[in-house]
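Descriptive analysis of the structure
If you want the building blocks of each chain, they are given just below.
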Amino acid sequence: MGKSVKRLMIGIALVCTSIFLIGCGAESSKTSGSGGDDTSGKRKLVVGTDATYAPMEFMDEKGNIVGIDIDIVNAIAEAAGFEVEYKNYGWDPLFPAVDNGEVDFAVSSITITEEREKSFDFSDPYFVANQLILVPEDSDVESFDDLADKRVSVQISTTGHKVVQDLLGKTSSKIVAAETMPLAITEMVNGNADASVGDNAVIIEYQTQNPNVKLKTVEDDSFEKEYYGLMVKKGNQEILDLLNDGIEKIKANGKLKEITDQDVE
Ligand code: ARG
């Protein structure tokens, strides 16, 4: 073999090695901040949630994060070919965790709102909900407007908080804003609020799980439909595409409907 051919081959080998190394670098930076790869070779994404929201996301007796939202994300992950690891952040801390890349995305019955879309990107909607009022069984409240002179408890920074602020005033002292929805309901049960307002599935679950507490729900047509989406860091198109691919697949194969018993387009 001539010297120049040998040199050429060494050169090619070096170029190949560096391409390989660059490839590795790109790969590891892609998965840093996320869970990396697991043994199946599938990419693992870290998912943040506020697991105080039965039946959507909550802790079972063993401390596992479970619920309808979790079943949905597991199905999306399976359909789109990635693995997931759930982390419980709580509600308010969840937003910065998505923003600073600590988690790859959030699932938490998060309503897609124009306000939130200014700071985050959302997947296609996968669940439809609305606000519901919960009051003591002997309450005279019959509509949302009846809350205008009442004390109302909500989970802080939620869409429920927003609708109640629109009725009572943004800084009204009549609003009892609790860190979690169960705490908001407890405030009402203990007499520190006359009503609670929150997402329908969670209010109904509380009522079902606590039949000894005498409560009733009040619906109101003024509450608009709310669509839940998975929330990603603004501009993270790659994760968004992956999630939407999974959502599209579980909508098409009937899996989403099987889990939620809803049709969401
Ligand atoms: N859907 C409401 C919102 O987006 C409430 C969601 C609260 N979720 C939770 N896991 N605490 O504001």
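Here's what I pulled together on the structure shown here. Note that the coordinates shown come from a computational prediction; the quantities given were computed from them, not determined experimentally.

1. Some words on the pairing of strand E2 (residues 43–49)
- The element E2 is largely enclosed, with a buried count of six among its seven residues.
- The pairing of E2 with strand E6 (residues 83–88) spans six bridges and is classified as parallel. Its bridge partner being in E6, Val47 is matched across the sheet by Tyr86.
- By the bridge criterion, two bridges tie E2 to strand E7 (residues 105–106) in an arrangement that is parallel.

2. Looking at the sheet that holds strand E5 (residues 65–66)
- The three strands lie next to each other as E3-E4-E5, forming an open sheet whose pairing is antiparallel. Among the strands making up the open sheet, the edge pair consists of strand E3 (52–53) and E5.
- Bridging between E3 and strand E4 (residues 57–59) involves two bridges; their strand directions are antiparallel. The partner of Tyr53 across the bridge, within E4, is Glu57.

3. Things to note about the nonpolar core
- The biggest cluster of nonpolar side chains holds 43 residues, and the ones touching the most others in it are Phe82, Phe105 and Leu230.
- Looking at this core, the element that brings in the most residues is helix H2 (residues 68–80), giving seven residues.
- When residues no more than four places from it in sequence are discounted, the contact partners of Leu230 are Val73, Ile76, Phe105, Ala106, Val107, Asp121, Phe122, Ser123, Tyr126, Leu243 and Ile247.

How each quantity is defined
- Residues numbered from 1 in each chain as written.
- Predicted model: local features only at pLDDT ≥ 70, side-chain atom pairs only at ≥ 80, totals over all residues.
- Heavy atoms only, no water.
- Buried < 20%, exposed > 50% of the residue type's maximum accessible area, 1.4 Å probe, protein only.
- Helix = DSSP H or I, 4+ residues; strand = E, 2+ residues; numbered from the N terminus.
- Pairing = 2+ DSSP bridges.
- Core = buried A, V, L, I, M, F, W, Y, C linked by side-chain atoms within 4.5 Å.
- Contact = heavy atoms within 4.5 Å.

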